[in-house]
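# Examination of the molecular architecture
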Amino acid sequence: MGFKLSREAFDAVLQSWTDDYVLFAPKRFEQGGIYSDTDCIRYGQVQAVDEIVFDSKSLYSFKEALLPVSETLFFFTEETVKEADPPKKGAIIFLRSCDLHGLKRLDEIYLRNGPEDAYYRRLRDRVQFVLMGCPHSFENCFCVSMGTNQATDYAISVDVEGDGFLVDCKSEAWAERITPRAEAELDVTPRHVTENAVTVNIPETLTIQVASSRIWDEYDNRCIDCGRCNFVCPTCTCFTMQDLFYTENGRVGERRRIWASCMVDGFTDVAGGGSYRKKNGERMRFKVLHKVYDFKVRTGSHMCVGCGRCDDVCPEYISFSNSVNKLDQAMKEVSGR
Amino acid sequence: MDINTKKLKKNAFRVTKVRGMTASRIRVPGGHLDARYLGKIQEIAERFGNGTIHITSRQGFEIPGIPYEKMAEVNALLQPLIEGLDINQSEPGTGYPASGTRNITACIGNRVCPYACYDTTAFARRIEKAVFPNDLHFKIALTGCPNDCMKVRMHDFGIMGMTEPQFEPQRCVSCEACIDVCAKKSVTALKAVKYRPQRNEEKCIGCGECVLNCPNMAWTRSKEKYYRLTLMGRTGKKNPRLGEDFIKWGDEASIIKIILNTYDYVEKYIDRNAPGGKEHIGYIVDRTGFEEFKGWALKDVNLPAKARVFTPLYWQGIKY
């Protein structure tokens with residue numbers, strides 16, 4: 001069911017949800033960029049529709065709403081353990097088509113990859129998704145190549161239309177709140193792009209043999225193993241555990257999980273002093289092949305959703321999409337051996 | 001030929017070693033200008049000079065080989081530049097007024113450089129508006145961050161950009177990139193305490209390396225801009241020395257007020273018999289004592305609560 005809504009009316013719909021939900025959307029952090037006098041667009045809690053940034057891609061993805069960067073799992077003291085309370089409210093998350101496909105990857109990892117993750121599940125069950133239409137492609141986007149340029153699993157979609165919004169509603173609960181406020185009812189299809197300036201080609205013939213190609217070597221020096229590409233990625237899901245003991249009393253504390261990155265030092269360290277991937281090229285190889293090879297072998301779809309944030313954020317201008325586009329040549333190189 | 005050399009110096013010309021020939025000195029406050037002005041400079045050099053231009057050590061241009069009698073014509077051609085660079089001028093068409101206070105120089109700042117904590121050229125221009133024209137010998141320089149590419153510690157007033165890093169623990173991934181970079185490139189003001197960086201506020205110099213190197217924006221810049229003010233550095237024959245820290249976490253308004261106050265102080269205490277009426281401020285401070293200077297400098301200055309004033313100050317440097 002489609003609607004045309006004024007900005008005020010759409011805001012009123014959002015406000016009507018705020019007793020039960022917090023709103024999580026791309027917003028402008030003024031003076032919040034890493035360089036002085038620059039802003040940053042990334043996800044944060046918003047109070048009103050005016051705070052939501054519709055005309056830029058966020059530097060980081062929506063995933064921090066479902067997978068907090070730092071999440072306390074439980075508190076302990078002596079014989080007692082208490083699970084950390086979930087947030088008081090659910091969340092309404094504004095996100096684009098690529099990210100909504102990213103959500104499927106998160107679900108795959110946390111809900112279907114062995115036993116369900118209870119901490120993810122309890123957040124996931126209380127989230128509604130608002131699809132933000134894409135009137136055009138942004139820099140470094142390659143969603144069309146990844147088949148993630150259109151999404152349908154949303155509660156509502158929203159597209160900026162003049163001073164107001166076009167909304168497609170798939171949820172009865174939303175429709176009840178929208179209908180009395182709408183200017184008009186009409187058919188709405190969320191805007192989506194059908195081509196990107198960047199395309200990627202993942203060879204059909206790709207095998208794990210490609211791991212021995214020399215294409216990875218250039219990243220030994222180019223990459224600075226900062227991990228930004230992982231942290232901005234909507235489909236990177238790795239975490240590490242920290243047991244924190246409070247003050248001098250070593251018997252009280254908490255266990256929390258923290259985002260981890262396969263590009264950052266220490267990720268592959270194991271007991272006894274071993275470390276599997278020491279060179280940055282090896283880490284790049286692992287990441288790239290995880291995104292466009294082995295995840296698909298296991299689950300049937302590529303992990304990468306083509307949002308291009310890894311390319312947007314890399315301080316060394318390393319392009320993930322370009323590294324994927326070298327795979328064809330790399331396969332020729334290794335099959336000739 | 002009858003030339004008043006005292007007057008021409010105050011009009012930004014120079015007595016050169018070539019008899020009959022002067023050089024025009026063009027100040028560019030903050031060291032940044034629209035490219036179109038280079039055409040004007042070229043025109044003067046080719047029409048009135050010897051066709052060459054010297055890029056000066058204080059971010060200006062010096063056009064040599066100009067006959068003294070052409071000074072008025074050169075001044076007329078300089079007018080669009082003087083207006084474009086927003087130079088305080090007493091009378092239009094008369095060239096640069098005064099040359100005692102030197103061009104206020106700046107590193108490229110945050111218009112280009114990732115490290116810079118502020119727009120150095122814009123701040124330089126605001127100081128320019130506050131202090132010029134002025135015949136007293138003041139050297140002021142601005143640099144975007146504690147790397148001090150502008151070498152502001154060799155100036156009477158050195159202004160170094162600072163940011164106060166803001167830490168959001170919930171965004172920290174414990175990668176320790178900030179701790180590593182602070183130890184390797186800065187002052188080791190960070191250490192890991194329970195998986196997360198703890199900042200030694202006393203030690204931190206506000207360089208922003210932690211912000212630049214944090215991969216998850218757990219560190220961000222303060223909205224407020226802060227500055228370190230260093231004092232009385234100098235080059236020269238007698239006792240060259242580096243400027244000492246006077247204020248850390250200072251603000252723009254206070255710095256401008258301190259500079260203006262120092263002009264009053266110098267008017268009061270300068271040696272009127274100094275050669276050319278010119279005396280480095282530092283030598284005056286050496287004479288009156290730092291406490292006297294400080295009293296004048298901080299008059300009616302309202303520093304932010306965060307500001308730290310270092311006192312008393314002692315300078316080292318080379319003594320002969």
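Residues numbered from 1 in each chain as written. Chains lettered and ligands numbered in written order. Predicted model: local features only at pLDDT ≥ 70, side-chain atom pairs only at ≥ 80, totals over all residues. Heavy atoms only, no water.

## Re the sheet that holds strand S3 (residues 40-46) of chain A
Residues and elements named next belong to chain A. One open sheet holds the eight strands; their spatial order is S3-S2-S6-S7-S8-S9-S1-S10, and the pairing between them is mixed. Only two strands of the sheet have a single neighbouring strand rather than two, namely S3 and strand S10 (184-185). Relative to strand S9 (residues 164-169), strand S8 (residues 156-161) is paired through six bridges, and the arrangement is antiparallel. Residue pairing across strands places isoleucine 156 opposite cysteine 169, the latter belonging to S9. Across the sheet, helix H1 (residues 7-15) touches strand S1 (2-5), strand S2 (21-29), strand S6 (90-95), S8 and S9, and the angle it forms with S9 is around 45°. Where helix H2 (residues 97-111) meets the sheet, its contacts fall on S3, S6 and strand S7 (127-132), and the angle it forms with S7 comes to roughly 145°. (Pairing = 2+ DSSP bridges. Helix = DSSP H or I, 4+ residues; strand = E, 2+ residues; numbered from the N terminus. Contact = heavy atoms within 4.5 Å. Axes fitted to C-alpha atoms, helices over the stretch in contact; angles between N-to-C directions.)

## Observations regarding the packing of helix H4 (residues 120-131) of chain B against helix H7 (residues 252-269) of chain B
The geometry of a pair of packed helices is captured by two quantities: the angle between their axes and the separation between those axes. All names here are of chain B. It is at 11 Å that the axes of H4 and H7 come closest, and there the two elements cross at 35°. Along this stretch, H4 crosses H7, giving a crossing that reads as right-handed. Here Phe123, Arg126, Ile127, Ala130 and Val131 of H4 come into contact with H7, specifically with Glu252, Ile255, Ile256, Ile259, Leu260 and Tyr263. (Left-handed = near helix turned anticlockwise from the far one by under 90°.)

## Regarding the pairing of S2(A)
Sheet analysis places S2(A) next to S6(A), joined by four bridges and oriented parallel. By the bridge assignment, A:Val22 is partnered in S6(A) with A:Ala91.

## What about empty space enclosed by the protein?
Residues and elements named next belong to chain A. One pass over the full model with this rule turns up eight cavities of 30 Å³ or more. As a volume, the largest cavity reaches approximately 150 Å³. Sorting the residues of the lining of the largest cavity by element identifies helix H7 (228-232), helix H8 (280-299) and helix H9 (309-313) as the ones contributing at least two each. Here the lining of the largest cavity is built from residues that sort into eleven nonpolar, two polar and six charged. For the second largest cavity, the calculated volume is near 130 Å³. Taken together, 16 residues line the second largest cavity, and the ones lying closest to its centre are Cys233, Lys291, Cys304, Cys310 and Phe320. Those elements giving two or more residues to the lining of the second largest cavity turn out to be H7 and H8. The class makeup of the residues in the lining of the second largest cavity is ten nonpolar, four polar and two charged. (1 Å grid on protein atoms, 1.4 Å probe; cavity = no way out; pocket = protein on both sides within 12 Å on 5 of 7 lines; lining within 4 Å. Points joined across faces, edges and corners; volume = space filled by probe spheres on them. Nonpolar A, V, L, I, M, F, W, Y, C, P; charged D, E, K, R; others polar.)

## Examining the packing of aromatic side chains
Residue and element names in this part refer to chain A. On inspection of all chains with the given rule, the structure shows 27 aromatic pairs over all chains. An angle of 45° between the planes, with centres 4.9 Å apart, marks the rings of phenylalanine 10 and phenylalanine 165 as tilted. Pair noted here: phenylalanine 10 is in helix H1 and phenylalanine 165 is in strand S9, with a separation of 155 residues, a long-range link. Note on accessibility: phenylalanine 10 and phenylalanine 165 belong to one class, buried. (Phe/Tyr/Trp six-rings, centres within 6.5 Å; stacked < 30°, edge-to-face > 60°. Buried < 20%, exposed > 50% of the residue type's maximum accessible area, 1.4 Å probe, protein only.)

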